[in-house]
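Per-entry structural report
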Amino acid sequence: MDQETQAAYLAAAEKLLGLPIRPEHKEAVQTAFAVVCKHAELVTSFKLPPETEAAPRYIP
Amino acid sequence: MKLFELTATGIVAQVRAGRFSASQVLAAHIARIEALDATFNCFTARTFERARAEAALVDAKIQAGQEPGPLAGVPFAVKNLFDIEGLPTVAGSKIRRTAPPPKVDAPHIKRLNEAGAVLLGALNMDEFAFGFVTENAHDGPTRNPHDPEHVAGGSSGGSVAALAAGFCALTLGSDTNGSIRLPAGLTGVYGLKASYGRITREGTFPFVDSFDHIGPFARSVADLALAYDLLQDEDEASPVLGQGIDPARVAMLDDWFQHGASPEMLEALHIVADALGGTASVTLPEAKRARSAAFCITAFEGGQLHKPDLIARPRDYDPATLPRLLAGALQPAQTIYQAQRFRAWFRQQALAIFERYDLLLAPATPITAPLIGQPTFELGGEAVPTRANIGLYTQPISFIGLPVVCVPVASAGLPRGVQIIAAPGREALALAAAARLEDRGVLSAKVVP
């Protein structure tokens, strides 16, 4: 995700999730989100076997 | 040896034998705190009056011929995310200073009190445990007793510095991504992160439900094992420090867990491996990706937990915490779902390695304690941000909840910690390995200055 796409995503997500970012915090949040995106890319690009379940399981 | 230099078990022996009273031991520790905590900044709240009453109770029991408990007269303190009756559980924040004070202590405090230990207060930490340096914007930095220009590590920085400085003989902390092992390593004390779920989290302020662990710090293996046994509930998990270690089943983790490590940290790793007779190396595959997955889940769960205050009171957060919580909370769901699936896969890789080995070794940190405010350090020839990268070797391990004892390897310079990692539920074996290393004289947890 390039910088422009990240900024557009954040602008949409803060509205969608009801979590506004104040103007004075925007730059720091964008920097932090760029770091998150790098880590996320590493995670989502890994091909997992289809039978792998998410770690937390609901136990009735 | 001065009273504040005694280990917890050393204090118990003196108090039970009547050589010193619990009140005398307490007075020596209070004097030490009053003389030096202005420099090291460990305590955020002091409970000295309560401690005096608790010490008097221990002394009264001894005088009456009653059993004073296995921690009789041991001064201890806790990271300020543990509930202490009557004090707000601030968790390193400004936001929680006005939270209603809990009406009861966390169960960990209750258990240590019942064992005869004496509570001295609450200790500094990174805000909401989201950090590795304890450079807290509200309470100031905790300084490393080995050199106050350097960090004590975090997020349990006050807990380790208070031990290294001789303010307490036992402390408690928490570990989500390394916050027990990393600061223990940087200040030359022992730390235990038990298996995920082994020690209750009741009565502590949460950070990341998926990864949060509670654990003790000490200046000897016997102290660490005793505290652990008091905090955990399963008979079969009790430590037996004399149990055998098979050298053929000890291996050093290579690849990610050695990449970029400084020569002195690699030397510490080899000192531990040699003393345990472990000559093998093994790769835990995809550890870099595991660290990334831990990073994403941490920021997401932490951010979601704080969402109401991120909306209502963003300016009251530490500037180092706020952007990471906001960015984390806004992540797409696919990242978190895939990260939790990857977590299950990575766990299987670790369990396969434990079919061949009982204990895995890795440095606690790539470098010794950085300077306070140091923006970057050199990792494999590249300058990388300090706060984001000093936990490289701890994050993949807490990600899958493995038990770890961090041991302080004797050093001429700043302290060096090595992680002794065991299979889930095998804390006792990691403690036994630490005891063997202690016996062989390769470890050092001394009070400074």
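Our structure is the block above this text.
Description of the structure in this document. (Residues numbered from 1 in each chain as written. Chains lettered and ligands numbered in written order. Predicted model: local features only at pLDDT ≥ 70, side-chain atom pairs only at ≥ 80, totals over all residues.)

Here we take up the overall build of chain B. Each helix and strand counted, chain B has 15 helices and 17 strands in total. At 20 Å, chain B has a C-alpha radius of gyration in line with the 22 Å of a compact globule built from 449 residues. Expressed as lengths along the three principal axes of its C-alpha atoms, the size of chain B is roughly 60 × 55 × 40 Å. (Helix = DSSP H or I, 4+ residues; strand = E, 2+ residues; numbered from the N terminus. Rg over C-alpha atoms; globule rule 2.2 N^0.38 Å.)

Moving on to the overall build of chain A. Secondary structure summary: chain A contains two helices and zero strands in total. For 60 residues, the compact-globule estimate of 2.2 N^0.38 gives 10 Å, and the C-alpha radius of gyration of chain A, at 16 Å, exceeds that figure by more than 25%. Summarising its shape, the C-alpha atoms of chain A cover approximately 45 × 30 × 15 Å along the three principal directions.

As a further point, take the sheet that holds strand 17 (residues 416–422) of chain B. Residues and elements named next belong to chain B. Strands sit in the order 1-3-2-8-10-9-16-17-13-11-12 across an open sheet of 11 strands; the sheet is mixed. Both outer strands of the open sheet, strand 1 (43–46) and strand 12 (280–282), are each paired with one neighbouring strand and no more. The sheet shows a mean angle of 30° between the axes of neighbouring strands, taken without regard to direction. Bridge analysis of strand 2 (residues 75–79) against strand 8 (residues 170–175) gives three bridges, and the strand direction is parallel. The residue bridging Phe76 from the neighbouring strand is Leu170, located in strand 8. Sheet strands touched by helix 7 (residues 221–231): strand 8, strand 9 (190–193) and strand 10 (213–218). Its angle to strand 10, the strand with the most contacts, is close to 150°. (Pairing = 2+ DSSP bridges. Axes fitted to C-alpha atoms, helices over the stretch in contact; angles between N-to-C directions. Contact = placed C-beta atoms within 7 Å.)

This next bit is on the pairing of strand 7 (residues 147–151) of chain B. Residue and element names in this part refer to chain B. Here two bridges tie strand 6 (residues 143–144) to strand 7, and the two strands are oriented antiparallel to one another. Of the residues in strand 7, the one forming a bridge with Asn144 is Asp147. Turn length for the strand 6-strand 7 hairpin, with the two strands adjacent in sequence and antiparallel, is two residues.

With respect to the helices and strands, the residue B:Leu241 is situated in the loop between helix 7 and strand 11 (250–253). Residues B:Leu241 and B:Ala433, 192 residues apart in the sequence, show an inter-C-alpha distance of 7.8 Å.

All names here are of chain B. For the bond from Gly154 to Ser155, the omega torsion is 10°, close enough to zero to count as cis. Relative to the assigned elements, Ser155 resides in the loop between strand 7 and helix 5 (157–164). With phi around 50°, Ala91 is a residue other than glycine that occupies positive phi space. One can find Ala91 in the loop between strand 2 and helix 4 (107–114).

In this complex, chain A contributes 27 residues to the contact, which on the side of chain B involves 31 residues. It is helix 2 (residues 26–44) of chain A that contributes the most residues to the side of chain A that touches chain B, 11 residues altogether. In the side of chain A that touches chain B, the residues fall into 19 nonpolar, five polar and three charged. (Nonpolar A, V, L, I, M, F, W, Y, C, P; charged D, E, K, R; others polar.)

It is worth spelling out the nonpolar core at this point. Core analysis: the biggest nonpolar cluster contains 167 residues, and B:Tyr190 and B:Leu361 have the highest contact counts within it. Among residues more than four places away in sequence, those in contact with B:Leu361 are B:Val250, B:Met252, B:Leu253, B:Leu269, B:Val272, B:Ala273, B:Gly278, B:Val418, B:Gln419 and B:Ile420. (Core = buried A, V, L, I, M, F, W, Y, C linked by C-beta atoms within 7 Å. Buried ≥ 20, exposed ≤ 12 C-beta atoms within 10 Å, placed from the backbone.)

Turning next to helix 11 (residues 322–329) of chain B. Among the eight residues in helix 11 of chain B, eight count as buried, and that is most of the element. Summarising the contacts, the buried residues of helix 11 of chain B are in contact with helix 2 of chain A together with helix 9 (287–305) and helix 10 (307–312) of chain B.

Our focus in this paragraph is helix 5 of chain B. Residues and elements named next belong to chain B. With eight of eight residues buried, helix 5 lies mostly within the body of the structure. Within helix 5, the full set of buried residues consists of Gly157, Gly158, Ser159, Val160, Ala161, Ala162, Leu163 and Ala164. One or two positions beyond helix 5, positive phi appears at Gly166, with a value near 80°.

Bringing the environment of B:Ala162 into the picture now. Residues and elements named next belong to chain B. With respect to the helices and strands, the residue Ala162 is situated in helix 5. Among the residues examined, Ala162 registers 37 C-beta atoms within 10 Å and is labelled buried. A sequence separation of 160 residues divides Ala162 from Leu322, and the C-alpha atoms of the two residues are 27 Å apart. Contacts of Ala162, omitting those with residues within four sequence positions, involve Cys42, Ala77, Leu123, Phe167, Cys168 and Thr171.

All names here are of chain B. In terms of residue burial, strand 10 counts as a mostly covered element, since six of its six residues are buried. Of the two faces of strand 10, the one lined by His213, Gly215 and Phe217 and the one lined by Ile214, Pro216 and Ala218 are each fully buried. Pairing of strand 8 with strand 10 involves six bridges; the strand directions are antiparallel. Across the sheet, Leu170 pairs through a bridge with Ala218, a residue of strand 10. Inspection of the sheet shows strand 9 paired to strand 10 by two bridges, in the antiparallel sense.

Below, the discussion takes up the packing of helix 7 of chain B against helix 15 (residues 427–439) of chain B. Residue and element names in this part refer to chain B. Put simply, helix 7 and helix 15 touch, their axes get as near as 9 Å, and they point 160° apart. The pairing of helix 7 with helix 15 is recorded here as roughly antiparallel in orientation. Helix 15 is crossed by helix 7, and the crossing has left-handed handedness. Two secondary-structure elements touch here, helix 7 through Val221, Leu224, Ala225 and Tyr228 and helix 15 through Glu427, Leu431, Ala434, Ala435 and Glu438. Residue composition of the contact of helix 7 with helix 15, grouped by class: seven nonpolar, no polar and two charged. (Parallel < 35°, antiparallel > 145°, perpendicular 65-115°, else oblique. Left-handed = near helix turned anticlockwise from the far one by under 90°.)

Our next topic: the packing of helix 1 (residues 3–16) of chain A against helix 2 of chain A. All names here are of chain A. As a packed pair, helix 1 and helix 2 sit with axes 10 Å apart at the nearest point and diverge in direction by 110°. Considering the angle they form, helix 1 stands roughly perpendicular to helix 2. The chirality of how helix 1 crosses helix 2 is right-handed. Side by side, helix 1 and helix 2 meet where Gln6, Ala7 and Leu10 of the first sit next to Val29, Gln30, Phe33, Ala34 and Cys37 of the second. Residues belonging to the contact of helix 1 with helix 2 are distributed by class as follows: six nonpolar, two polar and no charged.

Right, let's get into the environment of B:Ala51. Residue and element names in this part refer to chain B. Note that Ala51 resides in helix 3 (residues 48–63). The buried category is assigned to Ala51, around which 24 C-beta atoms lie within 10 Å. For Ala51 and Leu120, which are 69 residues apart along the polypeptide, the C-alpha to C-alpha distance reads 5.7 Å. The residues contacting Ala51, other than those within four sequence positions of it, are Leu26, Pro75, Val118, Leu119 and Leu120.

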